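Architecture and fold: a report
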Amino acid sequence: MNAVEVKKLSKIYGSGTHALKEIDLEIPEGSFFGLLGPNGAGKSTLIHCLTGLAMPTGGSAAIFGHDAVDEYQKARHNIGLAPQEINLDWFLSVEDTLDFHGGYFGMRKAERQKRTNELLRDFSLLDKRKARSNFLSGGMKRRVVLARALMHRPRMVILDEPTAGVDVELRLELWRYIKKINQQGTTILLTTHYIEEAERLCDKIALINKGEIIETGTAEQLKKRFKQKTLEDVYLKVVGRSELTRSLGIT
Ligand code: ADP
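Counting restarts for each chain: residues are numbered from 1 in the order of the written sequence. Only residues with pLDDT of 70 or above have their local features reported here, since the model is predicted, and side-chain atom pairs are shown and tallied only from 80 upward, although totals for entire chains, interfaces and linings are computed over all residues. Note that the side-chain values use all heavy atoms of the structure and ignore hydrogens as well as water.

1. Description of the site of the ligand
Near, as used in this document, describes a residue that has one of its heavy atoms within 4 Å of the molecule or strand being considered. What surrounds the ligand is the set Tyr13, Ser15, Thr17, Ala19, Pro38, Asn39, Gly40, Ala41, Gly42, Lys43, Ser44 and Thr45. In this structure, an oxygen atom belonging to the ligand sits 2.9 Å away from a side-chain N or O atom of lysine 43. Pairs of N or O atoms within 3.5 Å make up the polar contacts considered here, provided that, within protein, one atom can donate a hydrogen while the other can accept it, and that residues adjacent in sequence are counted only when both atoms are side-chain atoms. Threonine 45 places a side-chain nitrogen or oxygen 2.5 Å from an oxygen atom of the ligand. Computed with the Shrake-Rupley method and a 1.4 Å probe, the accessible areas treat only the protein chains shown as cover for residues. Notes on the ligand: free accessible area 560 Å², of which the protein chains cover 60%. Under the scheme used here, helices are H or I runs from DSSP no shorter than 4 residues and strands are E runs no shorter than 2 residues, and both carry numbers assigned from the N terminus. Broken down by element, the shell around the ligand gets its largest block of residues, three residues, from helix α1 (residues 43-50). Polar here means any residue other than Ala, Val, Leu, Ile, Met, Phe, Trp, Tyr, Cys and Pro, which are nonpolar, and Asp, Glu, Lys and Arg, which are charged; Gly is therefore polar. Here the shell around the ligand is built from residues that sort into four nonpolar, seven polar and one charged.

Following this line, the structure appears as structure tokens:
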């Protein structure tokens, strides 16, 4: 069973931008899958099409066999989304943020309480449970976003740039946790600008540029195919140096 099966998926925005051009992509269940590409490549658009936030203009996307449009609720139930921008309700406490999310996904009260406690413990947020999210530090907000994504025990978690602007300690802590749930069977879809991080973590990688999937494979396969020593060199070859520096915010 594939966690994600995308066939000839296209997205043309009202503005005329062709953000996805007949993309084919398969993400096997249980994999740690990296989606790499420069700004504007179409990564967010793809994630939005998978999670019902954007309507594809062609082709199809299925999540664990459920069509992302026609069976939106079933498809969405299988996904935990940790978006790039921190989109917390500033007036909710940390525990209510998790509890409301669980309620939205149909979890019973007792189950919600148990899961909330588990996640608060795992993300070192127990002493912040009553704090309103706008009073948290940036790193803590990031943890709440991740805990919320995991609340309903989704079979797949989508992490869109989860470590952008996160300090080293928290980054390592997050990866430890994500690796653990991946080993327990949760499929991970990660987008990141940290190519070395993707190389280390992901068992499969897709390179996306200008709305097209350029290549898919393990880091080793990609390096062999493009005759490069590192994945970063592969990336440079595919998207160009200027794109790399721009995506890293160096320019
Ligand atoms: P990435 O996540 O890889 O940076 P995006 O999916 O955000 O790329 O963007 C792909 C292209 O689609 C870009 O040219 C971007 O400007 C455009 N785009 C993204 N969202 C919208 C939108 N809501 N309306 C119009 N154009 C958009």
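2. Here we look at the sheet that holds strand β2 (residues 18-28)
Paired strands, as defined in this entry, are two strands with at least two bridges between them according to DSSP. With respect to topology, four strands assemble into an open sheet ordered β2-β1-β4-β5, the strand pairing being antiparallel. Where the open sheet ends on each side, the last strands, each with one partner, are β2 and β5 (66-67). Both strand β4 (residues 58-63) and β5 contribute to a ladder of two bridges, which runs antiparallel. Residue pairing for β5: alanine 62 is matched across the bridge by aspartate 67.

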